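# Notes for the structure review
Chain residues, written in single-letter form:
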Amino acid sequence: MPTSPLDRDADDAEHARHLQHTLELARRAVTSGSGGPFGAVVVLDGEVIAEGWNTVVGTSDPTAHAEITAIRAAAEHLGDFQLSGAVIYASCEPCPMCLGAIYWSRAEALYYAATRHDAAAVGFSDAMIYDEIGLAPEARTLPFRRLEVPGAGDVFAQWQAKADRTDY
């Protein structure tokens, strides 16, 4: 029976070292005023290939979370949109947006230090978003309304027919 990357990786000291690195990056975000107290690194074959910290405020970009900036840097470094074999370390349990990006990146595993409850205690609560994800679109607090538009499905058929597409 295959084991998960978390089971295979028994070197807690090494993981703790990378998590300490994420905390240093989180401190950088706080002291620079660029964003909230979050940091992340991407490790491949034991080496840090990318790092990121929250720059939401400094860049006026609501998607500039630590995990997103680290994933973007790692993908650019590798020249690939998939981070197969990489491990992501985050100073805190990821928000729903970052969690989605981590899954899309195809990283092998995620390690984090603080919990989302720790973040919520100082004003970074994602509970509402986690709750909303499970609701039907029409039941969400942010209005969602689907309009049928002719040809909306055609682009999917075009994608499906494309012989040289890159699946992901």
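Right above here is the structure, for reference.
Below is a short write-up of the structure. Owing to the predicted nature of the structure, the values given are computational and were not obtained by experimental measurement. (Residues numbered from 1 in each chain as written. Predicted model: local features only at pLDDT ≥ 70, side-chain atom pairs only at ≥ 80, totals over all residues. Heavy atoms only, no water.)

### As for the nonpolar core
- Val-42, Ile-49, Ile-71, Ala-74 and Leu-83 are the most contacted members of the largest nonpolar core, which has 20 residues in total.
- Among the secondary structure elements, those contributing two or more residues to this core are strand E1 (39-44), strand E2 (47-53), helix H4 (66-78), strand E3 (87-92) and helix H5 (96-105).
- With five residues, the single largest contributor to this core is H4.
- Beyond its immediate stretch of four places on either side in the chain, Ile-49 contacts Val-42, Leu-44, Ala-74, His-77 and Leu-78.
- In this structure, Leu-19, Leu-25, Val-41 and Ala-109 belong to the second largest nonpolar core, which totals eight residues. (Core = buried A, V, L, I, M, F, W, Y, C linked by side-chain atoms within 4.5 Å. Buried < 20%, exposed > 50% of the residue type's maximum accessible area, 1.4 Å probe, protein only. Helix = DSSP H or I, 4+ residues; strand = E, 2+ residues; numbered from the N terminus. Contact = heavy atoms within 4.5 Å.)

### Quick word on the sheet that holds E1
- Here we have four strands laid out as an open sheet, ordered E2-E1-E3-E4, and mixed in their pairing. The strands lining the two open edges of the sheet, one partner per strand, are E2 and strand E4 (109-114). Averaged over neighbouring strand pairs, the angle between their axes works out to 15 degrees when direction is ignored.
- Where E3 meets E4, five bridges bridge the pair, whose relative direction is parallel. By the bridge assignment, Ile-88 is partnered in E4 with Leu-110.
- Strands E1, E2, E3 and E4 of the sheet are contacted by helix H2 (residues 12-32), whose axis makes an angle of about 145 degrees with E1.
- Contacts between H4 and the sheet are confined to E1, E2 and E3, with E2 contributing the most and set at about 140 degrees to the helix. (Pairing = 2+ DSSP bridges. Axes fitted to C-alpha atoms, helices over the stretch in contact; angles between N-to-C directions.)

### Looking at the pattern of salt bridges
- Tallied over the full model, the rule gives seven salt bridges.
- Linking Glu-93 and Arg-116 is a salt bridge whose minimum nitrogen-to-oxygen distance equals 3.5 Å. With Glu-93 in the loop between E3 and H5 and Arg-116 in helix H6 (residues 116-120), this residue pair connects regions lying 23 residues apart in the sequence.
- Since its relative accessible area comes to 19%, Glu-93 is described here as buried.
- Taking relative accessible area as the criterion, Arg-116 reaches 29% and is therefore assigned partly exposed.
- Residue Arg-165 is joined to Asp-167 by a salt bridge in which the shortest nitrogen-to-oxygen separation is 2.7 Å. (Salt bridge = Lys/Arg side-chain N within 4 Å of Asp/Glu carboxyl O.)

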